[in-house]
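Structure at a glance
Now for the letters of each chain:
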Amino acid sequence: MNASSSTPDNETEDLQSAFRYDAALADQIEGEWQRRWSEEGTYEAPNPSGPLASQEVDARPKLFVMDMFPYPSGSGLHVGHPLGYIGTDVFARYKRMTGHNVLHTMGYDAFGLPAEEHARQTGEHPRANTENNIANMQRQLDRLGLGHDKRRSIATTDVSYYRWTQWIFLQIFQSWYDVEIDRARPISELEDLLAAGDRSTSDGRPWIEMDPTEKRRELDHWRLAYLGDAPVNWCPALGTVLANEEVTAEARSERGNHPVFRRPMKQWMMRITAYADRLLDDLERLDWTDSIKTMQRNWIGRSEGSQISFATSAGSKIEVFTTRPDTLFGTTAMVLAPEHPLVETLVAETWPENTPQRWTGGAATPREAVENYRREASELTDLERQENQSKTGVHIGAYCSVPVNGLQIPIFVADYVLMGYGTGAVMSVPGQDQRDWDFAKVFEIEIIRTVEPPSAFDGEAYVGDGPAINSDFLDGLYINDAKQAMIDWLEREGHGARTVTYKLRDWLFSRQRYWGEPFPIVYDDTGLALAVPEDQLPVELPELIDWAPRALDEASDPEPPLGRATEWATATYNLGDGDLRYRRELNTMPQWAGSCWYYLRYLDPDNEEQLIDPLVESYWMTDSEGGVGGVDLYVGGVEHAVLHLLYARFWHKVLYDLGHVSGPEPFQRLYNQGYIQAAAYQDKRGVYVDAEDVVESDGNYFYQESPVTRTFGKMGKSLKNSVTPDEMYSAYGADTLRLYEMFMGPLDQDRPWETKSVIGSHRLLQRVWRNLIDESTGAATVIDSPPSDALQRMLHRTIAAVAEAMESLRFNSAIARITELNNELSRRAEPVSRELAETLILMLGPLVPHIAEELWKRIGNTNSIVHTRFPEADPKFLLDELAELPVQINGKLRSRIVVATGSHEEALQEAALSDERIAELLRGKEIRKVIVIPDKLVNIVAS
RNA sequence: GUCGGAGUGGCGGAAUUGGCAGACGCGCUAGACUAAGGAUCUAGUGCCCGUUAAGGGUGUGGGGGUUCAAGUCCCCCCUCCGACACCA
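Residues numbered from 1 in each chain as written. Chains lettered and ligands numbered in written order. Predicted model: local features only at pLDDT ≥ 70, side-chain atom pairs only at ≥ 80, totals over all residues. Heavy atoms only, no water.

Let us now look at the sheet that holds strand β9 (residues 267-270). Overall, antiparallel pairing links the three strands, which are arranged β5-β9-β17 in an open sheet. Since the sheet does not close on itself, it has two edges, and those belong to β5 (225-228) and β17 (507-508), each with one partner. (Pairing = 2+ DSSP bridges. Helix = DSSP H or I, 4+ residues; strand = E, 2+ residues; numbered from the N terminus.)

Turning next to the environment of E218. With respect to the helices and strands, E218 occurs in helix α8 (residues 212-222). Classification of E218 as buried rests on a relative accessible area of 5%. For the pair formed by E218 and E191, sequence separation is 27 residues and the distance between their alpha carbons is 9.6 Å. (Buried < 20%, exposed > 50% of the residue type's maximum accessible area, 1.4 Å probe, protein only.)

In this section: the nonpolar core. Core analysis: the largest hydrophobic core is formed by 181 residues, its most contacted members being F169, W651 and W753. Among residues more than four places away in sequence, those in contact with F169 are A225, W268, M270, F509, F519, P520, I521 and M589. Counting 47 residues, the second-largest nonpolar core is a separate cluster that includes I308, V335, L336 and V394. (Core = buried A, V, L, I, M, F, W, Y, C linked by side-chain atoms within 4.5 Å. Contact = heavy atoms within 4.5 Å.)

Another aspect to go through is the sheet that holds strand β2 (residues 101-103). Read from one edge to the other, the open sheet built from four strands follows the order β2-β1-β22-β23, with strand pairing classed as parallel. Every other strand in the sheet has two partners, leaving β2 and β23 (670-672) as the edge strands with one partner each. Averaged over all adjacent pairs, the angle separating strand axes in this sheet is 20°, with direction ignored. As paired elements, strand β1 (residues 62-67) and strand β22 (residues 633-636) share three bridges and run parallel to each other. Looking across to β22, one finds that M66 is bridged to Y634. The strands that helix α18 (residues 614-621) touches are β1 and β2; relative to β1, the one it contacts most, it runs at about 85°. (Axes fitted to C-alpha atoms, helices over the stretch in contact; angles between N-to-C directions.)

Before going further, it helps to examine helix α6 (residues 159-173). Given 3.6 residues per turn, any residue in an α-helix points the same way as the ones three and four places further on. The first and last C-alpha atoms of α6 sit 20 Å apart over 15 residues, in line with the 21 Å expected at 1.5 Å per residue. Within α6, 13 of the 15 residues are buried, leaving the element largely enclosed by the surrounding structure. (Expected span 1.5 Å × (residues − 1).)

It is worth spelling out the pattern of salt bridges at this point. A complete count under the given rule lists 48 salt bridges for this structure. One salt bridge in this structure joins D149 and R152, with 2.9 Å as the shortest N-O distance. Between D524 and R216 there is a salt bridge whose closest N-O contact spans 2.8 Å. Of this pair, D524 sits in the loop between β18 (521-523) and β19 (529-531) while R216 sits in helix α8, placing them 308 residues apart in sequence. With a relative accessible area of 17%, D524 lands in the buried category. What you see here is one network of salt bridges that share partners, running through D178, E180, R185, E189 and R199. (Salt bridge = Lys/Arg side-chain N within 4 Å of Asp/Glu carboxyl O.)

On the surface, K892, R894, R917 and K925 cluster together into a positively charged patch. Within the fold, R917 resides in helix α28 (residues 916-922). (Patch = residues over 30% accessible without salt bridge, like charges linked within 9 Å, V, L, I, M, F, W, Y side chains within 5 Å. Areas by Shrake-Rupley, 256 points an atom, 1.4 Å probe, with all protein chains shown as cover. Lys, Arg positive; Asp, Glu negative; His and termini not counted. Charge placed at Lys NZ, Arg CZ, Asp CG, Glu CD.)

Turning to the environment of W222, a few remarks are in order. By secondary structure assignment, the location of W222 is in helix α8. For the pair W222 and R271, spaced 49 residues apart in sequence, the C-alpha separation works out to 9.3 Å. With sequence-adjacent residues up to four places away left out, W222 is seen in contact with S175, W176, Y177, I187, L190, S200 and R271. A polar contact is formed between the side chain of W222 and the side chain of E218, at a distance of 2.8 Å. (Polar contact = N/O pair within 3.5 Å; in protein donor to acceptor, adjacent residues only side chain to side chain.)

What follows concerns the domain arrangement of chain A. Entries for chain A in the domain assignment read domain 1 (21-158 + 598-672), domain 2 (166-278 + 507-566 + 580-592), domain 3 (303-501), domain 4 (677-722), domain 5 (754-876) and domain 6 (880-942). Centre-to-centre, using C-alpha coordinates, domain 1 lies 36 Å away from domain 4. (Domains from an automatic or database assignment.)

Glancing now at the pairing of strand β12 (residues 333-336). Residues A333 and V335 line one face of β12 and the alternating positions M334 and L336 line the opposite face, and both faces are buried. Across four bridges, the pairing between β12 and strand β15 (residues 425-428) is antiparallel. Along β15, the bridge assignment pairs A333 with S428. In the sheet, β12 pairs with strand β14 (residues 408-413) via three bridges, with the strands oriented parallel.

A word on the side chain of R143. Position of R143 relative to the elements: it lies in the loop between α5 (126-142) and α6. Here E30 takes part through its side chain, which lies 2.8 Å from a polar atom of the side chain of R143.

Here we come to the side chain of D683. The topology assignment puts D683 in the loop between β24 (676-682) and β25 (688-689). At a separation of 2.8 Å, a polar atom in the side chain of D683 contacts the side chain of R685. Once you skip the residues sitting within four places of it in the chain, D683 turns out to touch V689 and V708.

Applying the stated criterion across every chain, the model contains 39 aromatic pairs. Plain terms: the ring middles of F111 and W515 are 5.0 Å apart, the flat faces sit at 70° to each other, and that makes the pair edge-to-face. Pair noted here: F111 is in the loop between β2 and α4 (113-122) and W515 is in the loop between β17 and β18, with a separation of 404 residues, a long-range link. Here Y161 and W597 contribute two aromatic rings whose centre-to-centre distance is 4.4 Å and whose plane-to-plane angle is 10°, an arrangement assigned as stacked. Of this pair, Y161 sits in helix α6 while W597 sits in the loop between α16 (592-595) and α17 (598-603), and the two are 436 residues apart along the sequence. Taking the relative accessible area as the measure of exposure, W597 reaches 0% and is therefore buried. Here the aromatic residues F169, F173, Y177, W268, Y275, W507, F509, F519, W592, Y647, F650 and W651 are joined through ring pairs into a cluster of three or more. The aromatic ring of F173 is capped on one face by R223, whose charged end is 4.1 Å from the ring centroid. Directly above the aromatic system of W568 lies the positively charged group of R584, at a separation of 4.9 Å from the ring centroid. (Phe/Tyr/Trp six-rings, centres within 6.5 Å; stacked < 30°, edge-to-face > 60°. Lys NZ or Arg CZ within 6 Å of the ring centre and 35° of its normal.)

Here you go:
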């Protein structure tokens, strides 16, 4: 790092330029202004009521700008981390200056595995570790000069915060989804409906015949948060169960890449599937990128089709789900997932006569074949199953009949059919489905095409549209009509019905961890869950000594660490029958829980009486322009495209149904910032070397004289390519770092970090400073006379461009325009008009607040620029009287003419044709046509 | 494989509705200041031809098309990045 004045040798020059804008001066200015902002509460945004309200009602329009809050990592920040935070800060500052009441703050998503992993290694309690990390990270962020309302900051680990996380859990626990009115309702209302017979119970028994325990079990059946007995993803290395979303396709944990095993276990589940359609439909009302919307749509995975029953000789019917009921006449086999429950009852004792050898898997009986196949399938990892795309399976010796034509078709088990989707059973139609085609080829199953392929078609299964063939009453119909006709027939004949299925599963909500929110749930002797009363919240985490997960092997079973807090594990509550002892729920909530609602707590951070004051909620969360409402701008990485954003939307919708929030969506506009990448260098052995010490020569890279190869990747320890904000502060100051990060490119794009380029942003600030300040005295050099007409025009064009760029988050363009203006001032090398100087400073304000405040003060102002109006372009300066227009011949630029703006076509044509060069070039040519676009160009077509 | 997104100088990137491609910055070249410059300032800088110059040609991943005019619109192809992945 070479700050110009930091070497002792140029002290002489330093004395001459004691007020040159360098790292030392920047550091001093930044410290002073950060102190003043903090003392004056400059960034505090008033609420309409409650403790954070200001004296008078704030008439400004509100704007809620938010970053995805970080996990407070122990390793500290590198320059890639704050990119989004700087972006939102610039936008928030710009909006403050255009008269908005801007809420911008920051919190910490502080529960989670890393603190426990760290604790396991060091013995430091997760809370102590977490608090240290938060303090450290806060210090690093403060140094950037982010304009946050500190009063509103929270950490999900604060007891006063997770008390309300627990409260929300109870709301969900005590609700059910009424499909008739399509929203969640309190469970007490269901009780009334069941008692009145307006809803039938899950097994059809009358409510009044149930004993109290049966009634509780019945209600539990309906709850939005319920105990499910599904197979879970048990990760022994992490000592916890994981959600499907936290497990990779290779059956490993997303965090740490440890093996994950399937285990059946009683787990808390959230009925997010009840909201599948609303989560899908409301996407259309959101200002999010199409790619994120598409990812959510794919994740929800809604598909319409029909359920069809196939009768078997054994009596049980096989239900399949298909999106192509129109192809039913082409069904030539039935394929079940290996885990399908009906396999047991359907499997035949002996092979039927004439069973082809290849169907038997070489086994003596169908049962043996199925058992062998199941064993082989279970020994494959998901990855192997995926790589092995050739179809395998065995016949189970039984047949079922195709309802529409009575055809007897063989039943198979095969692992290409997944138990987790649809009904775990597939009607195999090789003519119209490539997977079925592949399967049919292996087992020599008959192929009947039911859609006529185009004559040129030479593929295998044909999935395109076309007229139905070989399909009796469907013949000639195209796919859509054929589907309708078939579904009508199935419904009329009682063989099936129109249905919808989803890929989305219910959300597995418990973790066998210490460092998470305890459930506000206890159990009595029935083993059924009971809510801890709201007025008994929070259920605080016990201070465990032995909190670390046990080292566990593959054969182990899930075991929550809270079970070791023996005193805490039971509790006395009065739940209506007097004080009784209850067993506590020992699982904790997943990290997603705390991030599902933090935006609401920012709004009313000190409320102990209710989740949020409705007045405050509707003030910040309602869109005055009639949009769906919610956070006005939410900025974060694309990695949360499905999980966090789907969970938070789900919780918000539940709160909306129950009347706790005023709108259906939490985040109106979502913006995904890109990532900062950095060059990383590997030597011959492939070992990463310190990027800082690599030198370039003629496009090749060397580390200690030896050639190294360059790649780009995420900044971090493993690639040895981190650059810390602290290094940038000491070389240039925080404003330069902010400016550089914003100048590198559009906010939503990944961009490579280049330390050598940072100097460019520093130079801009130095030149601005020099244009307004005498570097030897520190006094302002501005003069009071107005700027020249030409400068005035340039200034207002700049204002218009900068405002537009700020509005659309194109900060790189805004900076370019400001640079152009400042370059012009440098070129003129004359004292700058105060009017122009003020405008320039205000435009810089959102980007580089410290130096802007300092310049503002030095040219004679006493107020802060934070709430000063952003300059507005005066239209009268935007139009020049004269304009230089290009003149083209046959589309090629040949000359330019200077004409009055607003000149009519004839005048322009004449000016163009009488231009010397043009006349010269046109000599001897025939003018065929002249295109004149006023104020744009003239194009002469000649030959 | 399917679905998204993107390809513009040596590099990061600009370019409203189709209307002067390469703004702005880095780097590079030359010069100024200097004991010195990895500081600062000034000028130049897409590529090719043209001794300088005037000028000309060419140019936004490739190929075709629409148009007076295409980085921008249409068709086909290639490459890279991201997500999902036997979803019936």
